[in-house]
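One-letter residues, chain by chain:
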Amino acid sequence: TQKPRITYVLIAINIVVWLLLEIYARTRGVNSSSLLIYFGAKENTHIMLGEYWRFLTPVFLHNGITHLLVNSYSLYILGTTVEKLMGRGRFLFIYIISGLMGSIVSFMFSLAPSVGASGAIFGLLGTLIYYGIEHPALFKRGFGKSILITLVINIVYGFSIPQIDNFGHFGGLIGGFLASGIVGTPYARRSWRKRAAFTAVAAAIVSLSLYYGFTNSQNQSLKKLELMDRFLEEGNWAESENLGEEIIKIGPKNKTILSNALWNLSATEASQGKYNEAVEHAQMLVDVEPANGHYLLGMLYMDIGNIEMAEKELQEAVKIEPRLRNKVDSILNTIKEK
């Protein structure tokens, strides 16, 4: 029965953060989307390197006015309802836990950066489901099928749009349900055993999720790739080569991680004069990203003076990726001038 002030505060925070980001982006003459990583988006590499606050900050960031308006409207509809049902303290606890859980599950399974309050908002749906289990008669009379239909529509919509982070949504839904079980509904008798059980289950899920997130092959490869880039910039060829070989052994399934690792490893080996190894890894890159692989082979052959093979590989790269035409023509003209 309380006025849903926390919901209004959260909406206001989202709007203010978006405005500040837009103003800052305009003063720098850049698109605000390009700044989301710097302002706290969920980004796996940064989290792997110790920026754990990125599990929470994405909840208050939005990618564009449409994203902000959709989530603000959803938060207004669901937030006001859940806050009135659960009370301000419970509502805020549920919202934060849902947002954190959404980021954690996204970190586990998705390498794409993500922002938005949708994970926390799905957590509010999780609260309504919990409320329905605790108070089935009230739930049916007050919400019933409408909440379930809303949930199904959001899930279907999420799978229909490739950019939407469905892992974050499911994580938020689970987090909202568990958080609701921990705090319970107002004015309802519940045993300490039930609260302890929900707390234990939630702690176990969070612990196992974080363990998997920090130890799975994709995130481990991301961390090693970031360190590899740093060693390359510093000219620390030996350390960079070791990290590259470790990534190849891990065998990341993500195409971008594998291709970057092969490119960096080949470049590192070439810098040490290990051209046989460099060519071998460039040929492996051809299987992953043909255009980049042939381009790298062309540059390696040019370094060792095999002009005929260099021209052949560079032309092959252009056939696959015509946007390389200007760059390749410039290189070939340089060869002819010599």
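Residues numbered from 1 in each chain as written. Predicted model: local features only at pLDDT ≥ 70, side-chain atom pairs only at ≥ 80, totals over all residues. Heavy atoms only, no water.

(A) The overall build of the chain, seen in detail. When helices and strands are tallied, the chain shows 17 helices and zero strands. Each of the three principal axes of the chain carries a C-alpha extent, and together these read 85 × 40 × 35 Å. Within the chain, the proportion of its 338 residues that are buried is 43%. For the chain, the share of sequence-separated contacts (at least 6 apart) that also reach a separation of at least 24 residues comes to 67%. Carbon together with sulfur atoms contributes 60% to the accessible area of the chain, which is approximately 17800 Å² in total. (Helix = DSSP H or I, 4+ residues; strand = E, 2+ residues; numbered from the N terminus. Buried < 20%, exposed > 50% of the residue type's maximum accessible area, 1.4 Å probe, protein only. Contact = heavy atoms within 4.5 Å. Areas by Shrake-Rupley, 256 points an atom, 1.4 Å probe, with all protein chains shown as cover.)

(B) Structural detail: the nonpolar core. Counting residues in each nonpolar core, the largest one holds 21 residues, and the members touching the most others are L75, Y95 and L124. Among the secondary structure elements, those contributing two or more residues to this core are α1 (5-28), α4 (65-86), α5 (88-109), α6 (118-134) and α9 (166-183). No other element matches the six residues that α6 contributes to this core. Apart from the residues within four sequence positions on either side, L124 is in contact with L75, L78, G79, V82, F91, I94 and Y95. The next biggest cluster of nonpolar side chains, apart from the first, holds 13 residues, and it includes V279, V288, Y301 and A310. (Core = buried A, V, L, I, M, F, W, Y, C linked by side-chain atoms within 4.5 Å.)

(C) The arrangement of the packing of aromatic side chains in detail. Per the stated rule, a full pass over the model turns up twelve aromatic pairs. Ring plane angle 40° and centroid distance 5.9 Å describe the contact between F109 and Y212, whose orientation is recorded as tilted. Highlighted residues: F109 in helix α5 and Y212 in helix α10 (residues 192-215), separated in sequence by 103 residues. The class for F109 is partly exposed, based on a relative accessible area of 45%. (Phe/Tyr/Trp six-rings, centres within 6.5 Å; stacked < 30°, edge-to-face > 60°.)

(D) Representation of the packing of helix α11 (residues 217-234) against helix α13 (residues 255-271) in the model. At a minimum axis distance of 10 Å, the contact between α11 and α13 shows a crossing angle of 30°. Between α11 and α13, the crossing angle belongs to the class labelled roughly parallel. Regarding α11 and α13, the two cross each other, and that crossing is left-handed. For the pair formed by α11 and α13, the contact residues are Q218, S221, L222, L225, M228, D229 and L232 on the first element and I257, N260, A261, N264, L265 and T268 on the second. (Axes fitted to C-alpha atoms, helices over the stretch in contact; angles between N-to-C directions. Parallel < 35°, antiparallel > 145°, perpendicular 65-115°, else oblique. Left-handed = near helix turned anticlockwise from the far one by under 90°.)

(E) A nonpolar patch on the surface, seen in detail. A cluster of nonpolar residues, Y8, Y73, Y76 and I77, forms a patch on the protein surface that exposes about 430 Å² of accessible area. Residue contributions to the nonpolar patch peak at three residues, all from α4. Counting through the fold element by element, Y8 comes out in helix α1. (Patch = residues over 30% accessible without salt bridge, like charges linked within 9 Å, V, L, I, M, F, W, Y side chains within 5 Å. Salt bridge = Lys/Arg side-chain N within 4 Å of Asp/Glu carboxyl O.)

(F) Fine view of the pattern of salt bridges. A full pass over the atoms with the stated rule returns seven salt bridges. Between R54 and E51 there is a salt bridge whose closest N-O contact spans 2.6 Å. Overall, the relative accessible area of 3% leaves R54 in the buried class.

(G) Here's a closer look at helix α14 (residues 275-288). A rise of 1.5 Å per residue sets the reference length of α14, with its 14 residues, at 20 Å; its end C-alpha atoms lie 20 Å apart and thus fit the reference within 8%. When α14 is considered as a whole, its buried residues turn out to be A278, V279, H281, A282, L285, V286 and V288. All buried residues of α14 project into a common sector of 170° when viewed along the axis, lining one side. For α14, the exposed residues lying more than 90 degrees away from the buried face are N276 and D287. Where α14 is buried, its residues touch α13 and α15 (290-303). (Expected span 1.5 Å × (residues − 1). Arc of directions from axis to C-beta.)

(H) Main features of the packing of α9 against α10. Between α9 and α10, the least distance of the axes is 7 Å, while the angle of their chain directions is 145°. In the crossing of α9 with α10, the sense of the turn from one axis to the other is left-handed. Along the contact surface, α9 presents F177, L178, G181, I182 and V183, while α10 presents R195, F198, T199, V201, A202 and I205.

(I) A look at the environment of T268. Within the secondary structure layout, T268 lies in helix α13. Exposure remark for T268: the relative accessible area of 0% places this residue in the buried category. With 40 residues separating them along the chain, T268 and M228 place their C-alpha atoms 9.7 Å apart. Non-local contacts of T268, meaning those with residues more than four positions away in its chain, are made with L232, W237, S240 and E241.

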